[in-house]
Amino acid sequence: MKLTGAEIFIECLKREGVKTVFALPGGVVLKIFDTLYQQKDVEVILTRHEQGAGHMAEGYAKATGKAGVCLVTSGPGMTNVITALADAYMDSVPMVCFSGQVPTSLIGNDAFQEADNIGLSRPCTKYNFLVKDVNDLAATIKEAFYIATTGRPGPVLVDIPKDVSMAKAEFTYPNSVSIRGYNPTYEGNKWQIKQAAEAIMKAKKPILYVGGGVIFSSASQELLELAEMTQIPVDMTLMGLGAFPGEHPLSLGMLGMHGTYQANMAMHYSDLVIAIGARFDDRVTGKVSEFCPYAKVIHVDIDPTSIRKNINVDIPIVGDCKTVLREFNQILRATVNGEQKELRKPWWDQIQEWQQAHPLTYHQEKDGPIKPQQVVKRLYELTRDRDPIVSTDVGQHQMWAAQYFKLAKPNRWLTSGGLGTMGFGFPAAMGAQAAFRDRLVLCIAGDGSIQMNMQEMATAVVSKLPVKIIILNNGFHGMVRQWQDLFYEGRYASSYLDTTPDFVKLADAYGAVGLRVKKVGDLDAVLKEAMATDKPVIVDVPTYPYENCYPMIPAGGCNHEMLLEDPPELKKKQVGAGKVTPEDKDTVLTA
Amino acid sequence: MEHIISVTVENKFGVLSRVAGLFSGRGFNIESLSVAPTLDPSMSQMTIVTSGDERIIEQIVKQLNKLIDVIKVVDLNETEFVSRETAIIKVHTKDADRAEALRIVDIFRANVIDSTPSTYTIEVSGDPKKIEAIINLLQPLGIKDLVRTGRVAVAREPARPVAVQTKKVARD
């Protein structure tokens with residue numbers, strides 16, 4: 001029996017196990033929406049903006065480990081989803097985006113709502129397809145899911161012209177895919193693995209530096225075994241949080257620009273860096289020429305281009321983290337003995353010294369303004385038993401969340417790392433909630449970033465995605481303000497937000513629940529109330545506006561040279577809690 | 001340092017822009033690029049002349065390999081290879097210059113492929129130095145038009161005994 005392109009599209013989604021599509025309609029995808037409307041297997045979540053659809057697909061993918069799917073129309077639909085594609089590409093998120101295209105006969109004619117979707121998405125997708133013939137549609141979709149989810153995962157775009165979705169073809173779904181130019185390496189080179197294992201045995205000051213690759217290859221168990229067996233401390237990247245239990249005694253927390261003191265010091269002074277599924281981003285390396293000056297480097301990554309891109313590597317291993325870690329463990333199980341522990345005792349003494357010298361710190365006065373760190377810390381302590389999924393936007397609140405919300409398991413942490421996309425958090429949380437309706441999903445946001453995709457509150461209410469948003473409301477683009485205070489002599493160029501909406505009323509306007517924490521003593525009660533609500537909630541927490549995020553490695557600085565507190569010239573007059581007023585701003589500017 | 005990279009790709013639309021986009025997006029340099037189908041019409045062969053230090057060339061090769069439409073990448077500088085470029089040069093020639101032009105054509109084993117009373121159109125093939133040399137000699141006569149193909153290259157077959165093979169192979 002012949003099916004229309006739209007029917008083939010849905011059949012393919014069903015074969016790929018897709019239950020949810022985040023979508024927004026338009027002229028050229030109407031046939032697909034009409035067909036989706038007449039079936040029950042695939043749920044459509046109608047978003048209010050295509051960027052939201054894209055980030056929801058990302059959140060879904062990060063929480064489930066499966067490809068997220070979004071569907072947008074041609075022209076502006078496509079251009080709106082680009083940010084999400086670029087975000088997914090930077091953070092290796094498996095995702096398949098379907099875009100509508102004008103009919104094949106009109107392509108290139110500057111038709112209404114036409115855009116060169118393939119050209120637009122080429123630099124921000126792992127691969128993209130334009131389907132010109134309905135007979136190719138099923139095989140193309142199969143390839144798209146295959147490419148998105150294998151090797152180093154990433155976003156794939158499938159562009160479907162209107163006539164292709166309407167034309168009919170015989171439906172057959174291929175069982176397997178073979179692409180001659182695409183054969184990811186999963187097995188690491190045996191000899192290299194042996195070299196690496198020997199180096200691990202010999203190292204006196206080794207450190208595991210683990211990233212998002214561990215999460216995407218589901219290698220947390222293997223990582224835990226390796227770390228415990230060898231007693232090697234673990235540094236996590238922003239994307240790697242949750243790959244290793246945050247409260248584990250071997251965890252040093254996050255490293256990098258706002259990483260913990262011990263994580264960065266251990267990295268700098270180590271004699272062997274074991275990088276697993278991490279890519280030596282500039283937010284981790286700081287000044288490349290002085291990065292890990294005493295260390296040999298082992299780098300395990302499924303993407304050969306990540307290796308030796310930013311720093312020199314002594315033992316490169318191209319392969320899947322899980323497979324390679326298993327091999328490490330197999331070799332080490334036979335060789336590791338008590339000696340390593342003895343060998344590394346001075347190293348651990350040193351690390352503990354660092355830990356005690358400069359733990360993460362902030363000062364919350366009992367009746368003073370609410371400190372943002374306090375909010376994240378209490379949120380963590382109040383919800384940890386419920387094993388929540390946590391998303392963030394980008395900025396100070398993101399770094400505080402990374403520092404204080406210690407995740408025990410992988411696939412709980414949704415954040416925009418590589419691209420640093422403000423507005424990511426809320427839709428990503430909704431995507432995760434759509435995958436796990438019964439779980440607690442939190443979104444820690446800033447008052448600046450939440451406004452970038454606020455419109456999705458309508459989606460959350462209508463589609464019953466009861467995400468709990470906690471806004472650390474400091475009236476500023478806080479990270480920008482921090483940099484301006486530290487490096488631009490306190491000139492707040494466009495970082496002060498002046499008129500921030502009343503988020504409680506805004507939540508109410510959307511039919512969600514809005515709560516506000518008026519003073520630090522109310523924090524627990526309000527958070528508890530929010531967690532007990534079965535609707536989407538905004539918790540507006542006015543926080544101390546001039547709190548800076550430390551430790552901090554200034555851009556281009558060296559990893560062991562961290563700023564740990566405000567420099568003396570920055571000690572500010574304490575201003576009251578609550579919304580910043582222009583008067584506060586003036587006091588600070590003239591202080 | 002200059003490298004010649006030979007890339008076998010899928011022969012389908014959009015592949016050239018993926019390769020070109022990779023170079024421009026990552027700030028790599030393309031000195032010349034030539035593309036044409038291979039014996040197997042489903043594949044095309046690209047010859048890319050680029051330059052960069054060791055790490056950049058390593059990244060170029062890896063990034064090319066990462067492209068899904070790329071089937072094979074060979075950095076020809078890692079082996080012995082032969083390369084050629086063709087130029088077509090239209091030269092003003094009057095009176096005595098016509099004889100001079102033909103002498104130069106002869107010396108460089110070039111060909112005159114079109115002729116008018118006041119011009120010769122000359123085809124010359126060789127390595128870039130040879131092309132530069134003939135251009136320099138023809139320039140005083142007045143070059144009206146010049147087109148160059150960019151280089152194509154292929155690895156030499158290791159047909160000779162190993163000891164000889166490791167020697168630098170003389171060109172031509």
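Our subject is the structure that appears above.
Notes on the structure in this doc start here. What you see is a predicted model; the values in this text were computed from it and never measured.

What counts as what
Residues numbered from 1 in each chain as written. Chains lettered and ligands numbered in written order. Predicted model: local features only at pLDDT ≥ 70, side-chain atom pairs only at ≥ 80, totals over all residues. Heavy atoms only, no water. Helix = DSSP H or I, 4+ residues; strand = E, 2+ residues; numbered from the N terminus. Buried < 20%, exposed > 50% of the residue type's maximum accessible area, 1.4 Å probe, protein only. Contact = heavy atoms within 4.5 Å. Areas by Shrake-Rupley, 256 points an atom, 1.4 Å probe, with all protein chains shown as cover. Polar contact = N/O pair within 3.5 Å; in protein donor to acceptor, adjacent residues only side chain to side chain. Buried area = accessible area lost by both parts, 1.4 Å probe. Salt bridge = Lys/Arg side-chain N within 4 Å of Asp/Glu carboxyl O. Nonpolar A, V, L, I, M, F, W, Y, C, P; charged D, E, K, R; others polar. Pairing = 2+ DSSP bridges. Axes fitted to C-alpha atoms, helices over the stretch in contact; angles between N-to-C directions. Left-handed = near helix turned anticlockwise from the far one by under 90°. Parallel < 35°, antiparallel > 145°, perpendicular 65-115°, else oblique.

This paragraph deals with the overall build of chain B. Within chain B, the secondary structure is distributed over 5 helices and 9 strands. Starting at the N terminus and ending at the C terminus, chain B contains elements arranged as β-α-β-β-α-β-β-α-β-β-α-β-β-α. For chain B, the C-alpha atoms occupy an extent of roughly 55 × 45 × 35 Å along the three principal directions. Relative to its full complement of 172 residues, chain B shows a buried share of 39%. Relative to all contacts within chain B whose residues are 6 or more apart in sequence, the contacts with residues 24 or more apart total 72%. Total accessible area on chain B is roughly 9,700 Å²; 55% of this is exposed by carbon and sulfur atoms.

The next thing to look at is helix α21 (residues 503-510) of chain A. If you check the start of α21(A), you find a side-chain oxygen 3.0 Å away from the backbone N of V504(A), and it comes from D502(A). Two residues or fewer past α21(A), G511(A) is found with a positive phi of approximately 85°.

Attention shifts here to the interface of chain B and chain A. At the interface, 22 residues of chain B touch 21 residues of chain A. Taking both partners together, chain B and chain A bury about 1,800 Å²; carbon and sulfur atoms supply 45% of that area. Among the residues of chain B in contact with chain A, R18(B), R55(B) and I68(B) are the three that bury the most area, contributing 40% of the side total. Where chain B touches chain A, the interface holds 3 salt bridges. With a closest N to O distance of 2.7 Å, E58(B) and R308(A) form a salt bridge. On the surface where chain B and chain A come into contact, there are 13 residue pairs in polar contact (both at pLDDT 80 or more). Contributions of two or more residues to the side of chain B that touches chain A are made by α1 (15-25), α2 (54-66) and β4 (70-75) of chain B. Considering each element in turn, the side of chain B that touches chain A owes the most residues, 8 residues, to α2(B). Counted by class, the side of chain B that touches chain A contains 6 nonpolar, 6 polar and 10 charged residues.

The omega angle of the peptide bond from Y550(A) to P551(A) is 0°, so this bond is cis rather than trans. Look at D110(A): it is not a glycine, yet its phi comes out positive at around 55°. Considering the arrangement of structural elements, one finds D110(A) in the loop between β5 (95-101) and α5 (117-121). You can call D110(A) exposed: its relative accessible area is 72%. Phi is positive for D95(B), close to 45°, though the residue is something other than glycine. Assignment of secondary structure puts D95(B) in the loop between β5 (81-92) and α3 (96-107). The exposed category is assigned to D95(B), whose relative accessible area is 71%.

Quick look at the environment of L102(B) now. All names here are of chain B. When you line up the elements, L102 lands in helix α3. Taking the relative accessible area as the measure of exposure, L102 reaches 39% and is therefore partly exposed. With 31 residues separating them in the primary sequence, L102 and I71 have C-alpha atoms 44 Å apart. Beyond its immediate chain neighbours, meaning those up to four positions away, L102 contacts V112 and Y120.

With that out of the way, let us pick up the sheet that holds strand β15 (residues 389-392) of chain A. Residue and element names in this part refer to chain A. Pairing is parallel in the open sheet, where 6 strands are placed in the order β16-β15-β17-β18-β20-β19. Edge positions in the open sheet fall to β16 (413-414) and β19 (513-516), since each of these has one partner strand only. Relative to strand β20 (residues 537-542), strand β18 (residues 468-473) runs parallel, the two being bridged by 6 bridges. Paired with L472 across the bridge in β20 is V541.

Residue and element names in this part refer to chain A. Counting buried residues in helix α10 (residues 220-230) gives 8 out of 11 residues, a clear majority hidden from the surface. Every buried residue belonging to α10 is among S220, E222, L223, L224, L226, A227, M229 and T230, and all of these are buried. Of the surrounding secondary structure, the elements contacted by the buried residues of α10 are α8 (190-202), β9 (206-210), α9 (212-216), β10 (234-236) and α13 (321-335). Looking at the residues trailing α10, positive phi occurs at Q231, about 60°.

Bringing the packing of helix α1 (residues 5-15) of chain A against helix α6 (residues 137-149) of chain A into the picture now. All names here are of chain A. Across the interface, α1 lies against α6 with an axial gap of 9 Å and an inter-helix angle of 35°. Judged by the twist between their axes, the crossing of α1 over α6 is right-handed. Together, G5, I8, F9, C12 and L13 of α1 and L137, A138, I141 and F145 of α6 make up the contact between the two elements.

Our next topic: the sheet that holds β4(B). All names here are of chain B. Pairing in this open sheet of 4 strands is antiparallel, and the strands run β2-β3-β1-β4 from one edge to the other. Taken across any chain shown, the strands that pair with only one partner, and hence form the sheet edges, are β2 (32-37) and β4. Between one strand axis and the next, the sheet turns by 15° as a mean value, whatever way the strands run. Sheet topology note: the β2/strand β3 (residues 43-51) ladder contains 6 bridges and is antiparallel. In the strand pairing of β3, V35 is matched with M46. α1 rests against β1 (2-10), β2 and β3 of the sheet, and its axis sits at about 15° to β3. Running over the sheet, α2 touches β1, β3 and β4 and is turned about 160° from β4.

For any two helices packed against each other, one specifies the inter-axial angle together with the distance between the axes. Residues and elements named next belong to chain A. At a minimum axis separation of 6 Å, helix α3 (residues 50-64) and helix α18 (residues 425-435) run at an interaxial angle of 55°. Overall, the two elements α3 and α18 adopt an arrangement that is oblique. Classified by chirality, the crossing of α18 by α3 is right-handed. Every residue of α18 that contacts α3 at G52, H55, M56, G59, Y60, A63 and T64 is listed here: P427, A428, M430, G431, A432 and A435. Class assignment for the residues of the contact of α3 with α18 results in 8 nonpolar, 5 polar and no charged.

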